[in-house]
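Examining the three-dimensional arrangement
Below are the chains, spelled out letter by letter.
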Amino acid sequence: MGRMARATEGQATVEYALVVLAFLAMALGLAAVWKVAKSGTLQRQAREAASHNWEGGMTLGFVQDLGSF
């Protein structure tokens, strides 16, 4: 019995470290998205990606966007 306890005593520490690292990665990712959205880059990128619909005609732009997917 003592052998089994010794083999698994570090498991909780490893699991805690993995969960903390995953949480930190999500927090950093959210902070990066927040920074990009706050600076206006996200909106500018979306506007440029949807430029087909604003130039030329709604139907032609729609077909061009569908073709790109």
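It is worth spelling out the overall build of the chain at this point. Helix and strand content of the chain: five helices and zero strands. For the chain, the α and β elements follow one another from N to C terminus as α-α-α-α-α. Burial statistics for the chain: of 69 residues in total, 3% are counted as buried. On the chain, roughly 6400 Å² of surface is accessible, and the fraction owed to carbon and sulfur atoms is 70%.

A residue-level look at the chain finds 61% of positions with pLDDT of 70 or above and a mean pLDDT of 79. Least confident of the elements in the chain is helix H4 (residues 51-54), whose mean pLDDT is 56; most confident is helix H2 (residues 11-39), at 94.

Turning our eyes to something else, we now look at H2. Over its 29 residues, H2 runs 42 Å from end to end, which matches the ideal 42 Å to within 8%, given 1.5 Å per residue. Remark: Gly40 follows H2 within two positions and exhibits a positive phi of approximately 95 degrees.

Helix-helix packing: each pair is described by the crossing angle between the helix axes and the interaxial distance. The N-to-C vectors of H2 and helix H3 (residues 41-49) enclose an angle of 70 degrees; their axes lie 4 Å apart at closest approach. In terms of orientation, H2 lies roughly perpendicular with respect to H3. Contact with H2, carried on its side by Val36, Ala37 and Ser39, involves Thr41, Leu42 and Gln43 of H3 and no other residues of that element. For the contact of H2 with H3, the residue count by class is three nonpolar, three polar and no charged.

About the cut-offs
- Residues numbered from 1 in each chain as written.
- Predicted model: local features only at pLDDT ≥ 70, side-chain atom pairs only at ≥ 80, totals over all residues.
- Heavy atoms only, no water.
- Helix = DSSP H or I, 4+ residues; strand = E, 2+ residues; numbered from the N terminus.
- Buried < 20%, exposed > 50% of the residue type's maximum accessible area, 1.4 Å probe, protein only.
- Areas by Shrake-Rupley, 256 points an atom, 1.4 Å probe, with all protein chains shown as cover.
- pLDDT = per-residue confidence, 0-100.
- Expected span 1.5 Å × (residues − 1).
- Axes fitted to C-alpha atoms, helices over the stretch in contact; angles between N-to-C directions.
- Parallel < 35°, antiparallel > 145°, perpendicular 65-115°, else oblique.
- Contact = heavy atoms within 4.5 Å.
- Nonpolar A, V, L, I, M, F, W, Y, C, P; charged D, E, K, R; others polar.

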